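Results of the structural survey
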Amino acid sequence: QVQLVESGGGLVQPGGSLRLSCAASGSIFSMYAMGWYRQAPGYERELVAGITKTGTTSYADSVKGRFTISRDNAQNMVYLQMNSLLPGDTAVYYCIRGPDGLRYGTPRYWGRGTQVTVSS
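Residues numbered from 1 in each chain as written. Predicted model: local features only at pLDDT ≥ 70, side-chain atom pairs only at ≥ 80, totals over all residues. Heavy atoms only, no water.

A separate point is the overall build of the protein. Looking only at helices and strands, the protein features 0 helices and 11 strands. What you see in the protein, going N to C, is helices and strands ordered as β-β-β-β-β-β-β-β-β-β-β. The globule rule puts the C-alpha radius of gyration for 120 residues at 14 Å, and the 13 Å found for the protein is close to it. Structurally, the protein occupies a C-alpha span of about 40 × 25 × 25 Å along its principal axes. In the protein, once contacts between residues fewer than 6 apart in sequence are set aside, the share between residues at least 24 apart is 58%. About 6,200 Å² of surface is accessible on the protein, with carbon and sulfur atoms providing 48% of the total. Charge-centre separation for the protein: the mean point of 11 positive side chains lies 6 Å from the mean point of 7 negative side chains. (Helix = DSSP H or I, 4+ residues; strand = E, 2+ residues; numbered from the N terminus. Rg over C-alpha atoms; globule rule 2.2 N^0.38 Å. Contact = heavy atoms within 4.5 Å. Areas by Shrake-Rupley, 256 points an atom, 1.4 Å probe, with all protein chains shown as cover. Lys, Arg positive; Asp, Glu negative; His and termini not counted. Charge placed at Lys NZ, Arg CZ, Asp CG, Glu CD.)

Of all hydrophobic cores here, the largest spans 26 residues; its most connected members are W36, F67, V78, L80, M82 and Y93. Residue contributions to this core peak at 4 residues, all from strand 3 (residues 18-25). Leave out the neighbours within four places in its chain, and M82 touches G16, S17, L18, L20, R66, F67, Y93 and V116. Ranked by size, the runner-up nonpolar core spans 5 residues in total, among them A33, Y37, Y94 and I96. (Core = buried A, V, L, I, M, F, W, Y, C linked by side-chain atoms within 4.5 Å. Buried < 20%, exposed > 50% of the residue type's maximum accessible area, 1.4 Å probe, protein only.)

It is worth spelling out the pattern of salt bridges at this point. Summed over the entire model, instances satisfying the criterion amount to 5 salt bridges. Notably, a salt bridge pairs R66 with D89, separated by 2.7 Å at the nearest N-O pair. Pair noted here: R66 is in the loop between strand 6 (57-59) and strand 7 (67-72) and D89 is in the loop between strand 8 (77-82) and strand 9 (91-97), with a separation of 23 residues, a long-range link. Judged by relative accessible area, which is 2%, D89 ranks as buried. Three or more residues joined by partner-sharing salt bridges are found here, namely R38, E46, R66 and D89. (Salt bridge = Lys/Arg side-chain N within 4 Å of Asp/Glu carboxyl O.)

As a further point, take the state of the cysteines. According to the stated counting rule, one finds 1 disulfide in the structure shown. The disulfide partner of C22 is C95, and the gap between their sulfur atoms is 2.1 Å. For the disulfide bridge between C22 and C95, the dihedral angle about the S-S bond is near -80°, and by the sign convention the bridge is left-handed. Of this pair, C22 sits in strand 3 while C95 is found in strand 9, placing the two residues 73 residues apart along the sequence. Since its relative accessible area comes to 0%, C22 is described here as buried. (Disulfide = S-S within 2.5 Å.)

Although it is not a glycine, N76 adopts a positive phi angle of roughly 55°. Its place among the elements puts N76 in the loop between strand 7 and strand 8. Residue N76 is classed as partly exposed on the basis of its relative accessible area, which comes to 26%. With a phi angle near 50°, S84 is a residue other than glycine that sits in the positive phi range. Of note, S84 is situated in the loop between strand 8 and strand 9.

Quick look at the structure:
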């Protein structure tokens with residue numbers, strides 16, 4: 001059974017930084033693409049960042065240059081480093097696993113999410 005457990009969310013002031021972590025279990029982690037989605041109140045879930053099994057990354061335009069996704073295949077972990085945070089980044093952030101090594105736009109598994117609030 002695949003499990004994804006997020007951590008690292010919290011309250012941060014505008015301009016601040018947070019690092020989200022996702023611990024994955026139940027599958028051969030290195031074989032799959034991973035990603036982060038977010039959902040703000042009243043909005044649909046959106047893809048924030050994705051990373052293929054070989055480490056190729058992609059970002060939503062709204063976070064390019066501010067967020068960095070990375071993975072540690074030895075530890076079965078995926079991270080989202082978020083810098084220069086804006087109030088508009090406030091959302092629940094979800095870790096996902098893709099259906100194969102390349103795709104993260106059609107998630108197969110979701111974590112339960114971690115709340116990120118950017119406010120002064």
